[in-house]
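The chain contents come next:
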Amino acid sequence: MGGNKMSEVFQTFTSIHVAILTVSDTRTVETDTGGLLIRELVESAGLTVSSYTIVRDTASEIQHQLNEWLNSDAIHTILITGGTGISRRDVTIEAVDPLYEKKIEGFGELFRYLSYVEDVGSKAMISRASGGTIGDKVVFLLPGSRAAIRLAMTKLILPELPHIYFELTKHQQSRV
């Protein structure tokens, strides 16, 4: 990518609007430390948090909120935390995976590798964290653990988000 294009990417980075969804049957706004950490990391990167909410761990509630944000021009990136494990109540993957138009396989692979090496060792194999695109939006599904959130956000998502945003919107930018 040429110098001018890359500078355009970083100029638009600060205009990226993020929605944060916490999936939990027990968390409240006051106890949602994972959602709060995502907010802090997003805002410290100079991005805007346009929406935040908590839904119960049911496919219908997850899909309802996701569809609301997918239909909003004010949201560019959707970060979902919780419900990515292997217990019966963990249904985030089942709710979102079928909606991906393009799955970002490398995100889940790299996240599990980094989790194995830097955080939880062999427990990383049961993480089902994933990412993909739906229309011109990128969606990342993260575990609920603060350590996992910090790892995903600082090592993978935030460093790559300007490029992802550029790739998803370059067809719109060329029309302007």
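See the structure shown above.
Residues numbered from 1 in each chain as written. Predicted model: local features only at pLDDT ≥ 70, side-chain atom pairs only at ≥ 80, totals over all residues. Heavy atoms only, no water.

Undergrad: Can you walk me through the pairing of strand S2 (residues 48–55) in this structure?
TA: Along any regular strand the residues' side chains alternate between the sheet's two faces. Judged from the seven bridges that link them, strand S1 (residues 17–23) and S2 form a sheet pairing that is parallel. Among the inter-strand pairings, His-17 is bridged to a residue of S2, identified as Thr-48. Viewed along the sheet, the connection from S1 through helix H2 (residues 33–44) into S2 turns out right-handed. (Pairing = 2+ DSSP bridges. Helix = DSSP H or I, 4+ residues; strand = E, 2+ residues; numbered from the N terminus. Right-handed = clockwise from strand over helix to strand, strands pointing away.)

Undergrad: Just checking my understanding: could you explain the pairing of strand S6 (residues 137–142) for this structure?
TA: In terms of residue burial, S6 counts as a mostly covered element, since six of its six residues are buried. Going residue by residue along S6, you find Lys-137, Val-139 and Leu-141 tucked away on one face and Val-138, Phe-140 and Leu-142 tucked away on the opposite face as well. Here strand S3 (residues 77–81) runs beside S6; their pairing, made up of five bridges, is parallel. The residue of S6 that forms the bridge with Thr-77 is Val-138. With five bridges connecting them, strand S5 (residues 130–134) and S6 associate as antiparallel partners. Counterpart to Ser-130 in the pairing with S6 is Leu-141. Hairpin connection from S5 to S6: two residues lie between these consecutive antiparallel strands, with Gly-135 at a positive phi of about 65°. (Buried < 20%, exposed > 50% of the residue type's maximum accessible area, 1.4 Å probe, protein only.)

Undergrad: What exactly am I supposed to notice about the sheet that holds strand S4 (residues 102–103) here?
TA: Where strands meet in a sheet, backbone hydrogen bonds hold them as pairs that are either parallel or antiparallel. Reading across from one edge, S2-S1-S3-S6-S5-S4 is the order of the six strands in this open sheet, with mixed pairing throughout. Strands with a single pairing partner mark the edges of an open sheet, and in this sheet they are S2 and S4.

Undergrad: Even after reading the chapter, I still don't get helix H3 (residues 59–70), so can you show me in this structure?
TA: Each α-helix winds once per 3.6 residues, and so residues spaced three or four apart point in a common direction. Counted at 1.5 Å a residue, the expected span for H3 with its twelve residues is 16 Å, and the 16 Å between its end C-alpha atoms agrees. When H3 is considered as a whole, its buried residues turn out to be Ile-62, Gln-65, Leu-66, Trp-69 and Leu-70. All buried residues of H3 project into a common sector of 140° when viewed along the axis, lining one side. Exposed side chains of H3 directed beyond 90 degrees from the buried face belong to Ser-60 and His-64. (Expected span 1.5 Å × (residues − 1). Arc of directions from axis to C-beta.)

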